[in-house]
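# Fold and geometry: a report
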There are 4 protein chains.
Amino acid sequence: MVRVGILGATGYTGVELIRILSNHEDVQIKYLSSQNFNGKKFEDVYPSLKGFCKVELQELNIDDIVENCDVVFTALPSGYAMNIAEKLCNCGVKLIDLGADFRFDDFKTYKKWYETDKDDYGSVSRVYGLPEIHRQEIKNAMVVGNPGCYPTSVILGLAPALKGEIIENHIIIDSKSGVSGAGHSPKLGNMYAECNESIKPYNVAKHRHIPEIEQELSNLNCEDTKVIFTPHLTPMTRGILSTMYCKLKKDISIESLHEIYSEFYKDEYFVKVLDIGEYPSTKSVYGSNFCHIGLEIDKRTGTLIVMSSIDNLVKGASGQAVQNMNIMFGIDEDKGLKMVPVFP
Amino acid sequence: MVRVGILGATGYTGVELIRILSNHEDVQIKYLSSQNFNGKKFEDVYPSLKGFCKVELQELNIDDIVENCDVVFTALPSGYAMNIAEKLCNCGVKLIDLGADFRFDDFKTYKKWYETDKDDYGSVSRVYGLPEIHRQEIKNAMVVGNPGCYPTSVILGLAPALKGEIIENHIIIDSKSGVSGAGHSPKLGNMYAECNESIKPYNVAKHRHIPEIEQELSNLNCEDTKVIFTPHLTPMTRGILSTMYCKLKKDISIESLHEIYSEFYKDEYFVKVLDIGEYPSTKSVYGSNFCHIGLEIDKRTGTLIVMSSIDNLVKGASGQAVQNMNIMFGIDEDKGLKMVPVFP
Amino acid sequence: MVRVGILGATGYTGVELIRILSNHEDVQIKYLSSQNFNGKKFEDVYPSLKGFCKVELQELNIDDIVENCDVVFTALPSGYAMNIAEKLCNCGVKLIDLGADFRFDDFKTYKKWYETDKDDYGSVSRVYGLPEIHRQEIKNAMVVGNPGCYPTSVILGLAPALKGEIIENHIIIDSKSGVSGAGHSPKLGNMYAECNESIKPYNVAKHRHIPEIEQELSNLNCEDTKVIFTPHLTPMTRGILSTMYCKLKKDISIESLHEIYSEFYKDEYFVKVLDIGEYPSTKSVYGSNFCHIGLEIDKRTGTLIVMSSIDNLVKGASGQAVQNMNIMFGIDEDKGLKMVPVFP
Amino acid sequence: MVRVGILGATGYTGVELIRILSNHEDVQIKYLSSQNFNGKKFEDVYPSLKGFCKVELQELNIDDIVENCDVVFTALPSGYAMNIAEKLCNCGVKLIDLGADFRFDDFKTYKKWYETDKDDYGSVSRVYGLPEIHRQEIKNAMVVGNPGCYPTSVILGLAPALKGEIIENHIIIDSKSGVSGAGHSPKLGNMYAECNESIKPYNVAKHRHIPEIEQELSNLNCEDTKVIFTPHLTPMTRGILSTMYCKLKKDISIESLHEIYSEFYKDEYFVKVLDIGEYPSTKSVYGSNFCHIGLEIDKRTGTLIVMSSIDNLVKGASGQAVQNMNIMFGIDEDKGLKMVPVFP
C-alpha cells in the first residue's frame with residue numbers, strides 16, 4: 001500500500017488526483033494540504049467527492065508528510081516544490097511535482113522563464129515525467145517533473161516523426177485548451193460569461209510551456225528544434241487539442257507515416273494512433289488518460305499535420321502523475337487509470 | 001462470468017452501458033445489435049471506446065442471443081422489447097429493458113400513454129427496476145423495466161417524504177434535463193446551434209414519464225397521487241435536476257426532515273442526502289451512478305422543496321440497468337459502478 | 001438630445017446600457033463612472049464596444065453629474081443610489097436605478113430584506129419601473145426603481161391571470177437564469193469550469209427578489225399573494241426562463257385563457273403571447289427587449305402553467321431601463337430597443 | 001426602397017439576413033422561398049422573428065421574383081444560383097449569392113472543387129464580394145459571389161501583410177468555427193451532445209474554401225500563394241477565429257507592422273486593428289459585422305502571427321451580403337449594419 005500525500009489538494013489537479021486515486025487499489029491517501037480550506041474534510045469542499053474522501057485538509061507540515069507518506073504530489077505555485085524536495089528526498093519520500101519546478105534539464109532555462117533566486121537544483125536529481133519517452137529513468141527517480149498539459153499533447157504527437165527524421169526542426173503548434181487549464185482561482189478571464197461563445201488566443205509566442213516543449217523535441221530530434229506556439233482558451237471545461245504543422249523532409253505516403261506512428265506506440269496503452277482519415281476530438285478522451293493522435297499529409301504543400309487530443313487534467317496532469325507513481329513504485333502502469341472516456 | 005447482450009447498442013444508453021461494463025470484472029459482452037452500424041466493430045462507431053470494445057455489431061437475431069447471453073439489455077423503440085421478452089424468458093435469458101415496455105403495474109396505463117396492439121404482458125412477469133425501492137423483487141425477476149431518467153430523480157427525491165406521510169398527494173415537479181436525454185438520432189431541436197444558450201420547456205403536462213412517476217409515488221404513499229410535471233431541455237449534455245414542490249401536511253423542522261431522509265437512505269451507496277443548506281448540481285454527479293438530494297423548507301408558505309440530481313445516462317439509464325443486473329445475478333450491487341463523478 | 005450618465009458603467013448592466021444607447025439617436029452619453037477602470041476609455045475596457053464609446057471613465061462626482069446629465073442610470077451596490085437620489089432630484093436630474101434601492105412601496109420591506117441605516121426614502125418619491133404595469137406613473141417620475149430580472153419575467157407572466165382573477169394567491173415559481181445575472185466580479189461559483197454542464201438551485205426560498213415579486217403580484221391581485229421562489233443557475237450566459245404553477249380558481253379553456261392574455265398585451269410592443277402549444281425559450285429573445293409568454297393548462301390537476309422568457313440583461317435590466325427613460329422623456333417607447341433577437 | 005427576395009430563406013444565413021434587414025430602413029422584404037416550410041409565415045418558423053416578418057414562404061418561382069424584387073439573395077445548394085443568374089440579370093434583378101457559385105475568377109477552379117456540368121459562367125459577369133478589397137467592382141456588379149466565412153476572416157487578416165510584401169507566399173491557417181457554420185440541417189456531427197466539450201478538426205487540408213482563399217491571396221500578393229488550411233469545429237454557436245502563421249520576408253518591428261495594418265484599414269468601418277498586445281476573440285464581435293485583427297511577431301523564429309475574428313453568420317455571410325447590397329445600390333455602406341456586438 002503506497003501512502004500518498006497531496007500538497008495543494010483543492011486545486012483542479014488536486015481534486016482530479018483524488019478522483020483517480022479513489023479507485024486505485026494499491027494506494028492510501030494519507031495527507032492533504034490546502035491553504036484555503038484548512039480544517040475541512042476534502043469531501044466537504046468538493047461535493048462530487050462525497051463519500052470518497054474524508055481526509056481532513058491541513059496546513060503544510062513537512063514532518064507530518066515525512067512520517068505519513070511514501071510519495072507526495074505537489075500542485076503548488078512555482079518554486080514551492082523546489083523548497084521541500086531536498087528534505088523529502090533525504091527522508092526517502094518520493095516527489096511528483098505537477099508544477100514546472102523540475103521539468104528542465106538545464107536549470108538556466110527554468111531561471112529564464114520562471115522567477116527564482118536559486119541557481120541550480122542542489123543535490124536533487126530529477127526526471128522529465130513523460131512515461132512514453134522517459135520510462136526507464138522514471139523507474140528509479142526520486143523526483144519527477146510532471147509535464148505540462150500542452151507539452152504532453154505536443155511531444156506525444158511529434159515524437160515518432162522527429163525520431164524518424166521525417167520533419168524539419170521548425171514546427172508550428174496551434175493548441176486549444178479548455179478553461180479548467182487556467183486553474184481554480186476566480187479570475188475575470190475564466191468566468192462563464194466571458195468564456196462561453198468565445199475562443200481566444202493568449203500568451204501568443206511567449207507561453208512558458210515553450211522551453212519545455214523545445215527541450216524534449218530537441219532531445220528526440222538530436223538537433224536544436226524551435227516551435228511557434230499559440231495557445232487558445234476554448235469554451236469547454238476539459239481537453240486540449242494540438243494541431244501541429246511540420247515541413248516534411250522528404251516525400252512520404254500517409255500509409256508509411258501511419259505505420260511509423262503505429263509501430264512507435266504499439267506497446268503504449270495510453271496512446272492511440274487513429275486510423276487514416278480519422279481525426280481526434282477532445283470529447284473522445286474526456287475524463288480519461290488517453291492521447292488520441294490523427295495524421296494528415298498536405299501533398300500540395302509538403303506539410304505533415306499532426307493532431308493530438310488529451311484531457312488536460314488527466315493525461316495532461318493528474319492521470320500522468322499517477323502513471324508516473326505507478327512506474328516509480330513498480331505497480332502496473334495502468335492501475336487506477338483504466339477510466340473509459342465519458343461520451344457523450 | 002455473466003454473458004451480456006445489448007440490443008440497440010449504438011444509442012447513447014448503449015455506449016454508456018459499454019463504458020460501464022468495460023470496467024466490470026464479472027461480465028463479458030457477447031452480443032451487440034444495431035440497425036444502422038451493422039457489420040462494424042463497436043469501437044469504430046464510437047472512438048471514445050477505442051481499445052475497449054471490438055465486438056462486431058449484428059442484426060438482431062433471437063437465436064444468437066439465446067445461445068450467447070445470460071442477460072440482455074434492450075434500448076429499442078417502444079414495443080420491441082415486449083415482442084421478444086417471452087421467448088427470452090422461456091429460454092432462461094434475463095431481460096433489462098431501458099425503454100418503457102415493462103415499467104407499468106397496470107398494462108392499461110401503458111396502453112393509454114404508448115401505442116400498442118397488445119392488451120397484456122402475456123406470461124411475462126415484470127418488476128419496476130428502481131433498486132432502492134424494489135430491491136427484493138428485482139432479485140428474482142426475469143424481466144426488469146428500467147425506470148425512466150426523470151422518474152428516477154423524482155421518486156428517489158420524494159420517497160422518504162411520501163413514506164413518512166409528511167406531504168400532500170399533489171406535487172409539482174419542475175425538471176431540467178441535458179440534451180443527451182433526447183437520444184442519438186439527429187433532430188433539429190437537439191442541434192448545438194438550437195440548444196446552446198437556450199433553456200426551454202417541452203411536453204408540458206403531457207410527458208410520458210408522468211404515469212410512471214404517479215404509479216410509484218402512489219405506491220409509496222398508499223394513496224392516489226398526482227403530479228404536475230414540466231420537463232425542460234437545458235444547454236448541457238448530461239444531467240437531470242428535479243425541483244419538487246410539496247405541501248407539508250404538518251409543521252416540521254428542516255432538521256427532523258433531514259433526519260428522516262438520512263435514515264431512509266442510510267444503507268444506500270448511490271443516494272447521498274446533502275447537508276442542510278447544501279443543494280445538488282448536475283455537475284457533482286457527472287458520469288456517476290449517484291443521486292444527490294437537497295432539502296429546503298419554505299416556512300412562509302408551508303412548502304417542502306426537494307431537489308435531486310442524477311446523471312441521466314447513468315443512474316437515469318445505463319448505470320441503474322447495471323445495478324439491476326448485479327442484483328439479479330447476486331453480484332455486489334456497486335460492482336463496476338464506483339465511478340467517481342468527473343469534476344470539474 | 002438627452003444627456004446620459006451611467007454610474008457603475010463597467011458592470012454587465014453598464015456595458016449593456018452602452019450597447020443599447022450607442023444605437024439610440026436621441027441620446028448622448030456624457031458621463032461614465034467606474035471604481036476599477038478609472039481613467040480608461042470605455043472601449044478599452046470592453047473590446048466589443050471598440051469604436052462605439054470613447055468616453056473616459058471617471059470617479060463618481062456628483063457635481064459633474066449634475067452639470068452634464070439629464071438622467072442618470074445607477075448600477076451600484078445596494079444603498080449607494082439612495083445616497084445621491086435627493087441631491088440629483090433637487091437639481092432636476094432624473095434617476096433610473098438598476099439596483100433595488102427604489103423598488104419598494106413600503107420602505108420597511110426594503111429594510112427587512114436589504115441592509116440599511118435609513119428608515120424612509122426621505123423626500124424622494126419613486127415608482128416601480130415596469131412599464132407594462134406602471135406606465136402612467138413612470139411618465140412623471142423623477143426616480144424609477146428598475147425591476148429585478150426575475151421579477152420582470154414573473155410579473156409579466158402572471159399579470160393577466162391575476163388581474164383576471166383566474167388563479168389563487170399562492171404561486172410556485174421555478175426560475176432559471178444565465179450566469180451573467182451573477183455579475184461581472186470574479187467568484188468561484190461563476191467560473192466556466194464550475195458552471196458548464198451544471199444546473200443548480202441557489203438561495204432557495206430566500207432570494208431577495210421575493211418581496212419585490214409579492215408586492216407587485218399583490219397589487220395586481222388586490223389581495224395578499226405569496227410565492228414560493230426557486231432560482232437556478234443555468235449553463236448559459238444570458239436569459240431567464242420562469243416556469244410558474246398556479247392553481248386555477250375555476251375551469252377555463254386554454255383558448256379563453258389565451259384570449260385574456262392576448263387582450264391584456266395587445267398594445268404592448270415588447271410582450272409577445274405565443275400561440276397555443278408554443279413554449280418560450282431563452283434563445284428566442286437573446287439580445288432583445290422582448291418577453292415571450294407561453295401558456296398551458298394541466299386539466300388533470302386544475303393547474304395553469306405560465307412560462308415566460310426574457311434576456312436578463314435587456315428586458316431584465318438595461319433594456320427596460322432605457323424603455324423607462326424613453327417614457328420619462330416623452331421619446332417613443334421602442335426607440336433604440338428594436339433589436340431583433342440573435343438566433344441562432 | 002430596395003425590394004428584396006431571399007431564396008432558401010429558412011437556413012441560418014436566411015434568418016440572419018432577415019434579422020439584419022428588419023432594421024434596414026431602405027429595404028422591403030418582398031419574397032421568401034423555402035423548400036421545407038412552404039406556406040408558413042416566416043415568423044412562425046423562427047419564433048425569434050415574431051413580430052418582425054410576416055412574409056409567407058413560397059416555392060421558388062422565377063417570374064414572381066422578377067416581378068417583385070430588385071435584388072435577390074441566394075442561400076441555396078451549390079449550382080442552383082448559377083441556374084437562375086442569367087435570367088435574373090437579363091431582367092435587371094441583381095444577385096448576391098451566399099454560396100460558392102460565383103466566387104471564382106477562373107471557372108475551372110470552381111469545376112475542380114465543386115460538382116458541375118457547366119464549363120463557364122455563360123454571359124454572367126461576377127465579382128468576388130469582399131468590399132474591403134473589391135469595393136469598386138462591386139459598385140457596378142449585377143452578380144456578386146459573397147465570400148465564404150473562413151475566407152473572409154483569412155483574407156482580411158492577411159491583406160495588409162501581403163500587399164506590403166512583408167510575408168512569404170506559403171501560409172499556415174488554423175481556423176476555428178462555431179457550429180452554426182455547419183448549417184441548419186440536422187446531422188449527427190452537429191448535435192449538442194456531440195459538439196459540447198469537443199473541439200475537432202475536419203476536412204483537414206481539403207476544405208473547399210482553400211481555392212477561394214488562394215485566389216484572393218495570390219491576387220493581393222501578385223504571386224502564386226499557397227495555404228495549409230485546417231478548420232476546427234468549436235463548441236460555440238457563432239464565430240470564427242483564424243490564427244495565421246506567416247514567415248516574415250524581413251525583420252520588422254511590431255510597431256511598424258501595426259502601423260501598416262492601421263493605415264491599410266483606416267477608412268474601413270468594419271475592420272478594427274486591435275492595439276499591440278491585444279488579441280481578438282469571437283465573443284467581442286458576436287452578432288456584429290465587425291472583423292477584429294490582432295498581431296504578434298515571434299522574433300525567435302521570424303514569424304508573423306495574425307489573428308482575426310468575425311461572426312461567421314454576419315461578416316462571414318449575411319452581414320457582408322447586406323454590405324454588398326448597400327454598395328450595389330448606392331446606400332450608405334453601414335446602413336442596417338451598425339449592430340453593436342452582444343457582450344457578454
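In this text the structure is predicted, and so the values were computed from the model without any measurement.

Criteria and thresholds
Residues numbered from 1 in each chain as written. Chains lettered and ligands numbered in written order. Predicted model: local features only at pLDDT ≥ 70, side-chain atom pairs only at ≥ 80, totals over all residues. Heavy atoms only, no water. UniProt positions renumbered as here; feature names shortened; annotations may be inferred. Helix = DSSP H or I, 4+ residues; strand = E, 2+ residues; numbered from the N terminus. Phe/Tyr/Trp six-rings, centres within 6.5 Å; stacked < 30°, edge-to-face > 60°. Buried < 20%, exposed > 50% of the residue type's maximum accessible area, 1.4 Å probe, protein only. Lys NZ or Arg CZ within 6 Å of the ring centre and 35° of its normal. Contact = heavy atoms within 4.5 Å. Buried area = accessible area lost by both parts, 1.4 Å probe. Salt bridge = Lys/Arg side-chain N within 4 Å of Asp/Glu carboxyl O. Polar contact = N/O pair within 3.5 Å; in protein donor to acceptor, adjacent residues only side chain to side chain. Nonpolar A, V, L, I, M, F, W, Y, C, P; charged D, E, K, R; others polar. Pairing = 2+ DSSP bridges. Least-squares fit on C-alpha atoms with pLDDT ≥ 70 in both. 1 Å grid on protein atoms, 1.4 Å probe; cavity = no way out; pocket = protein on both sides within 12 Å on 5 of 7 lines; lining within 4 Å. Points joined across faces, edges and corners; volume = space filled by probe spheres on them.

## Side note on the UniProt feature "domain: Semialdehyde dehydrogenase NAD-binding" (unreviewed entry) in chain A
As annotated by UniProt and renumbered to match this structure, "domain: Semialdehyde dehydrogenase NAD-binding" (unreviewed entry) occupies residues 3-141 of chain A. Summarising residues 3-141 of chain A: 35% helix, 18% strand, and an end-to-end C-alpha distance of 17 Å.

## Structural notes on the packing of aromatic side chains
In this structure the tally under the stated criterion is 60 aromatic pairs over all chains. Considering the side-chain rings of Tyr110 of chain C and Tyr114 of chain C, the 5.1 Å spacing of their centres and the 10° angle between planes classify their relative orientation as stacked. Of the two residues examined, Tyr110 of chain C and Tyr114 of chain C, each falls in the buried class. Cation over ring: Arg238 of chain A sits above Tyr286 of chain A, and NZ or CZ is 5.9 Å from the ring centre. The ring of Tyr269 of chain D has Lys272 of chain D sitting right over it, with the charged end atom 5.6 Å from the ring centre.

## Things to note about the interface of chain D and chain B
Listed by partner, the interface residues are 19 residues for chain D and 19 residues for chain B. Buried surface at the junction of chain D and chain B, summed over both partners, amounts to about 1600 Å²; 65% is from carbon and sulfur atoms. On the chain D side of the interface with chain B, the three residues burying the most area are Pro186, Met191 and Tyr192 of chain D, jointly 41% of the side's total. In this structure, the connection of chain D to chain B is made through zero salt bridges. Across the contact surface, chain D and chain B share eight residue pairs in polar contact (both at pLDDT 80 or more). It is helix α8 (residues 192-195) of chain D that provides the largest number of residues to the side of chain D that touches chain B, a total of four residues. Among the residues forming the side of chain D that touches chain B, the class breakdown is 10 nonpolar, seven polar and two charged.

## Observations concerning the sheet that holds strand β4 (residues 71-74) of chain C
Residue and element names in this part refer to chain C. One open sheet accounts for seven strands, arranged β3-β2-β1-β4-β5-β7-β6; its pairing is parallel. Only two strands of the sheet have a single neighbouring strand rather than two, namely β3 (57-58) and β6 (126-128). Pairing of β6 with strand β7 (residues 143-145), which is carried by three bridges, proceeds in the parallel orientation. Residue pairing across strands places Tyr128 opposite Gly145, the latter belonging to β7.

## Observations regarding the relation of the copies chain D and chain B
Mapping between the two copies of the chain is achieved by a rotation about an axis and a shift along the axis. Note on the identical chains: chain D maps onto chain B by a rotation of 180° and an axial translation of 0.0 Å, with an RMSD of 0.0 Å. Taken together, the rotation and translation describe the operation of a two-fold axis. Take the interface residues of chain D: 100% of them recur as interface residues in chain B, which is what a same-surface contact looks like.

## A few points about empty space enclosed by the protein
Enumeration according to the criterion identifies one cavity of 30 Å³ or more in this entry. Within this model, the largest cavity holds a volume of roughly 30 Å³. Along its surface, the largest cavity is lined by Lys200 of chain B, Leu274, Glu278, Tyr279, Pro280, Ser281, Ser284 and His292 of chain C together with Pro47 of chain D. Class assignment for the residues of the lining of the largest cavity results in four nonpolar, three polar and two charged.

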